[in-house]
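Chain residues, written in single-letter form:
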Amino acid sequence: MKELPNDLPSYEQGVFLIVNRQIIPLKKKVTTLGRQLENDIVFHEEFLSRFHAEIVQEDGAYVLYDKDSTSGTFVNSKKIDRCVLNSGDLISLANINLMFVNNSPKITGKALGTTQSLHQDDPPGRKNTHG
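Note that residues are indexed from 1 along each chain, following the sequence as it is written. Side-chain atom pairs in this predicted model are given and counted only at pLDDT of 80 or more, local residue features only at pLDDT of at least 70, and totals for whole chains, interfaces and linings cover all residues. Side-chain numbers come from the whole structure's heavy atoms, not from hydrogens or water.

K.L.:
Just to check I follow, could you spell out the sheet that holds strand S8 (residues 78-80) for this structure?
P.N.:
Strand pairing in a sheet relies on backbone hydrogen bonds. The paired strands run either parallel or antiparallel. Taken together, six strands build an open sheet; the order of strands is S2-S1-S11-S10-S7-S8 and the sheet is antiparallel. Either end of the sheet is taken by a strand with one partner, and the two such strands are strand S2 (22-25) and S8. Neighbouring strand axes in the sheet, compared pairwise and without regard to direction, differ in orientation by 30° on average. Strand pairing is assigned whenever DSSP detects at least two bridges linking the two strands. The way it works is that DSSP assigns letters per residue, a run of H or I at least four long becomes a helix, a run of E at least two long becomes a strand, and they are numbered from the N terminus. Lines are fitted to the C-alpha atoms to define the axes, a helix being fitted only along its stretch in contact, and any angle between axes, read from their N-to-C directions, falls within 0 to 180 degrees.

Shown next, in the form of structure tokens:
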């Protein structure tokens, strides 16, 4: 695997989708998903709309938009029109499941801090089994 230079724009560093054990890097400001060959990510699935959804890099965040698809776009089992994606979110387009992963160094630092603070705030009466 090729190392990414540090001078790449943020939307090219460690941000990708996982689809059926395939890793698809998000290298563009706008990534389109659907059945039509003009899309950046093409699925040969009859339940998918020709231009189903797109992921747009906006102000350091990644936003998923449903493009008036027939079967809808879902994030973590909730139907969305627009949704800011977080690393680990599960995206469903018709019967296709994808995972959004953002390993950007800026985001990873924030996520680590959040995880550590969650361990300290265990509800009363519950044993801390985090070790």
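K.L.:
Explanation requested: the sheet that holds strand S5 (residues 53-58) in the structure shown.
P.N.:
What the five strands build is an open sheet, ordered S4-S3-S5-S6-S9; its pairing is mixed. With one partner strand each, in any of the chains shown, strand S4 (41-42) and strand S9 (82-85) form the two edges of the open sheet. With two bridges joining them, strand S3 (residues 30-34) and S4 adopt parallel strand pairing. Across the sheet, residue Gly34 finds its bridge partner in S4, namely Val42.

K.L.:
Explain the confidence of the model for the chain here, please?
P.N.:
Regions with low pLDDT carry predicted coordinates that are not meant to be interpreted in detail. As a per-residue measure, pLDDT reflects the predictor's confidence and takes values from 0 up to 100. A residue-level look at the chain finds 69% of positions with pLDDT of 70 or above and a mean pLDDT of 81. Whether two residues are in contact is decided by their heavy atoms, any of which lying within 4.5 Å being enough. Confidence drops under pLDDT 50 across residues 107-120; counting only partners more than four residues distant or on other chains, this segment forms four contacts.

K.L.:
Any chance you could explain unusual backbone geometry here in plain terms?
P.N.:
With glycine set apart, most residues show a phi of negative sign, and most peptide bonds adopt trans. Phi at Asp68 is positive, roughly 55°, even though this residue is not glycine. Here Asp68 lies in the loop between strand S6 (61-66) and strand S7 (73-75). Three labels apply to residues, based on accessible area from a 1.4 Å probe with only protein chains included: buried if under 20% of the type maximum, exposed if over 50%, partly exposed otherwise in between. On the basis of relative accessibility, which here comes to 76%, the residue Asp68 falls in the exposed class.

K.L.:
Explain the environment of Leu17 to me, please; I cannot follow it from the model alone.
P.N.:
Relative to the elements of secondary structure, Leu17 occurs in strand S1 (residues 15-19). Taking the C-alpha atoms as reference points, Leu17 and Leu98, separated by 81 residues in sequence, lie 6.3 Å from one another.

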